[in-house]
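Residues per chain, in single letters:
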Amino acid sequence: MTVSRDMTMGTGHPAHGEDVLLRVRDLRTSFFTPVGEVRAVGGVSFDVRRGEVLGIVGESGSGKSVTMLSVLRLLGTSGRIVGGEIEFDGVSLTTRSEAQMADLRGRRISMIFQDPMTSLNPVLSVGYQMREPLLRHGGRESDGGVARIVEMLRHVGIEPAEQRVKQYPHQFSGGQRQRIMIAMALICNPDLLIADEPTTALDVTVQAQILELMKGLQRRFGTSIILITHDLGVIAGTADRVLVMYGGHIVEEGTRRDIFYAPAHPYTRGLLQSVPNPETLSKSRLIPIEGQPPDLLNPPPGCPYSARCPQTMRVCLAFPPPRTQVSDSHAASCWLAARKLEGGAV
Amino acid sequence: MLGNMGGSDALLEVRDLMKHFSVPGGLVRSVDGVSFSIRAGETLGLVGESGCGKTTTGRTIVRLYEPTAGSIFFQGQELTHLTQAQMLPWRKKIQMIFQDPYASLNPRMTVSDIVMEPMVIHKVPKDERADRVRRLLTLVGLNSEHGNRYPHEFSGGQRQRIGIARALAVEPDFIVCDEPISALDVSIQAQIVNTLEDLQRELGLTYLFIAHDLSMVKHISDRVAVMYLGDIVELAESSELYTNPLHPYTRSLLSAIPVPDPDLSDSRHRIVLEGEIPSPLNPPSGCKFHTRCSCAEDACRVETPGMTDRGDGHFVACLKA
């Protein structure tokens, strides 16, 4: 494999503290429900570097959204972080008070959600809603932030911005509302933007516009972005590095070239085989992943993927696989990868 | 001649089909004169963005909506003006699979009752029903013992299989699949698509496959029709459409599909469409796409392009292509 630009940055290992904006270690989050404890996130560790786009791919229930909601501590009443450490810009978030967290949200870390229809308040004008984070975080512009709001709307391509600030959400299309959400998320110039399935509810042509916009703004403001999606195509076109999540665990981590051209985990390989590539002409049969995702009320003791994996060994059923470094930038949590590495060393 | 779009052995033929809805602001021309035909045993893909009229087209064909104008022929018989009673025997031959496997199954009915309901309506002899339900459940990849359970005990993919079993219960010839995989996870989508393909082969089914996921549509369809604001703008063999798209809208739509391949994704030329889809309440004059088209000329603003054959069954409605 050729050495690409992003590989020189090295992965996985914490070390260079300066580079790392967000560091998560062994995060465990559970939801306490009437039927028992749902272990939504079962111990994940990763870093987000300054200025990078980190893609998180996984299916529903894989824990990708809950991981991010844990970082922002937006888990609601039934969810709780039961273990692990979260460090943002050198400061531990796990021990912070709710007031200190509130001060962080929207100012240093912003989040946008899947559904732009329900994320905006229908009875307040767009300008009013965009002003909220400015006021909350001590904006003291003499014009009440109007200039800043108009400027941000222009950045996301809503024109004529001066008139449109006064309009209400229903006067905008789905794509425009997501643009407004992005403008609002970036209005305080945060260090980190968490985008949870930002284009899933949008049509492909609008999706392409929004992804272009996010990449452009990222280059311009140097914001780190965590992009959560289930769409491998979106990840391939947008992310610098990729985490693959399954059953509440990170099963593989690497640059997008690692993940797409040299997938080390059977789940990643399964995912890639189960989607048709629109560029290939052959009509080969899709290779689905048989079976269902694990039940997180009773997570399997070993590898979360063991029940569906075509290469399951006895060890996979009993013991969680160790994280194995395949290359500097590439790691997989799989017994096969661990064995291979051992074998190579002998 | 539009009637030729698909040849003479058409199972289904739709001519100038229109479905308009009256709303407080005026008239929404959801489907505004579409024509196509589907051969027995083939899969026709119908793609387009939200609001283009693809779902309305599917539902109008099944006569869940009454067509405003135009005609629907099935096995040579015109269905357009049949009464509900006259329609009943035809409904046995035309079934539907819905997008949302959570909303399309009655939560208070057992799986067995759900799959059996069409048999009750179409008077399948009583002593055959239970046996048929068991066979159907096995056929779609469920456990035949699952009949006594309720929908909430199943995952999204399994529910979609129940929906498929229900559609197959009265041995139809033709199934309208309205976004059958959009609500499912990636790894489950492939399971369902493979099941649909196997069933088509085994039972000789014909599909109208409605979806917005262009990669899946390309994979499953023999021919594909692209809709924009109530019109079909291009129709061709699946591989022909994807390698040689003629309509500027099809081109931009194809270039916007995210490909799961980083190098291809970086090297690809994206045609990013400006603006948003215009309101179907007040569609643009002439070619409806002219407001967003990079090749539009004065003529496009006035003249409505008709479907023309560019050879080998590749039809396009564009003055410039």
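Residues numbered from 1 in each chain as written. Chains lettered and ligands numbered in written order. Predicted model: local features only at pLDDT ≥ 70, side-chain atom pairs only at ≥ 80, totals over all residues. Heavy atoms only, no water.

K.L.:
How should I be thinking about the overall build of chain B in this particular structure?
P.N.:
Helix and strand counts for chain B come out as eleven helices and twelve strands. By the compact-globule yardstick of 20 Å for 321 residues, chain B fits well, its C-alpha radius of gyration being 20 Å. If one aligns the C-alpha atoms of chain B with their principal axes, the spans along those axes are about 65 × 50 × 40 Å. The buried share of chain B, reckoned over its 321 residues, is 57%. Put simply, of all contacts in chain B between residues at least 6 apart along the chain, 64% involve residues at least 24 apart. (Helix = DSSP H or I, 4+ residues; strand = E, 2+ residues; numbered from the N terminus. Rg over C-alpha atoms; globule rule 2.2 N^0.38 Å. Buried < 20%, exposed > 50% of the residue type's maximum accessible area, 1.4 Å probe, protein only. Contact = heavy atoms within 4.5 Å.)

K.L.:
So what exactly am I meant to see when it comes to the sheet that holds strand 2 (residues 36–49) of chain A here?
P.N.:
Hydrogen bonds between backbone atoms are what pair the strands of a sheet, whose relative direction is either parallel or antiparallel. Residues and elements named next belong to chain A. The strand order 2-1-4-5 describes an open sheet built from four strands, whose pairing is antiparallel. The open sheet is flanked by strand 2 and strand 5 (91–92), the only strands paired with a single partner. With eight bridges joining them, strand 1 (residues 20–33) and strand 4 (residues 79–88) adopt antiparallel strand pairing. Within strand 4, the residue paired with R28 across the bridge is G83. (Pairing = 2+ DSSP bridges.)

K.L.:
Which parts of the structure should I look at to understand the interface of chain A and chain B?
P.N.:
Of the residues lining the interface, 43 residues belong to chain A; the matching set on chain B comes to 45 residues. Approximately 3800 Å² of surface area, both sides summed, lies buried where chain A meets chain B, with 54% of it carried by carbon and sulfur atoms. Counting the surface chain A buries against chain B, the share from its top three residues, A:T205, A:P278 and A:R285, is 15%. For the pair chain A and chain B, the number of links is four salt bridges. Of the charged contacts, one joins A:R285 and B:D198 as a salt bridge, the two residues approaching to 2.9 Å between their closest N and O atoms. Between chain A and chain B we count 15 residue pairs in polar contact (both at pLDDT 80 or more) in total. Secondary structure elements with two or more residues in the side of chain A that touches chain B: helix 6 (174–186), helix 7 (204–221), helix 8 (232–238), helix 9 (256–261) and helix 10 (266–274) of chain A. Among the elements that take part in the side of chain A that touches chain B, helix 7 of chain A stands out by supplying seven residues, more than any other. Tallied by class, residues from the side of chain A that touches chain B come to 16 nonpolar, 16 polar and eleven charged. (Buried area = accessible area lost by both parts, 1.4 Å probe. Salt bridge = Lys/Arg side-chain N within 4 Å of Asp/Glu carboxyl O. Polar contact = N/O pair within 3.5 Å; in protein donor to acceptor, adjacent residues only side chain to side chain. Nonpolar A, V, L, I, M, F, W, Y, C, P; charged D, E, K, R; others polar.)

K.L.:
Sorry if this is basic, but what is going on with the pairing of strand 2 of chain A here?
P.N.:
The side chains of a regular strand alternate, residue by residue, between the two faces of the sheet. Residues and elements named next belong to chain A. Across ten bridges, the pairing between strand 1 and strand 2 is antiparallel. From the neighbouring strand, V24 faces strand 2, where its bridge partner is F46. Linking strand 1 to strand 2, which pair antiparallel, is a turn of two residues.

K.L.:
Got a minute to help me understand the packing of aromatic side chains in this structure?
P.N.:
Centre-to-centre distance and the angle between the planes together describe a pair of aromatic rings. Counting across every chain of the model gives nine aromatic pairs over all chains. When the centroid spacing of 4.5 Å and the interplanar angle of 50 degrees are considered together, the rings of A:Y246 and A:Y267 count as tilted. With A:Y246 in strand 9 (residues 241–246) and A:Y267 in helix 10, this residue pair connects regions lying 21 residues apart in the sequence. The residues A:Y246 and A:Y267 share a single accessibility class, namely buried. Between the aromatic rings of B:F74 and B:F174, the centroid separation amounts to 6.0 Å while the plane-to-plane angle is 45 degrees, which identifies the pairing as tilted. (Phe/Tyr/Trp six-rings, centres within 6.5 Å; stacked < 30°, edge-to-face > 60°.)

K.L.:
It is not clear to me how the domain arrangement of chain B should be interpreted in this structure. Could you clarify?
P.N.:
You'll often see interface size given as the accessible area lost when the parts meet. Residues and elements named next belong to chain B. Per the domain assignment, the segments making up chain B are domain 1 (2–93 + 172–316) and domain 2 (109–171). Centre-to-centre separation of domain 1 and domain 2, based on C-alpha positions: 29 Å. Overall, the association of domain 1 and domain 2 removes approximately 1300 Å² of surface from exposure, summing both partners, and the carbon and sulfur fraction of that is 72%. Linking domain 1 with domain 2 are zero salt bridges, by the criterion used here. The interface formed by domain 1 and domain 2 holds three residue pairs in polar contact (both at pLDDT 80 or more) in total. Every element with two or more residues in the side of domain 1 that touches domain 2 is listed here: helix 2 (84–93) and helix 6 (186–203). A class-by-class count of the residues in the side of domain 1 that touches domain 2 yields eleven nonpolar, two polar and four charged. (Domains from an automatic or database assignment.)

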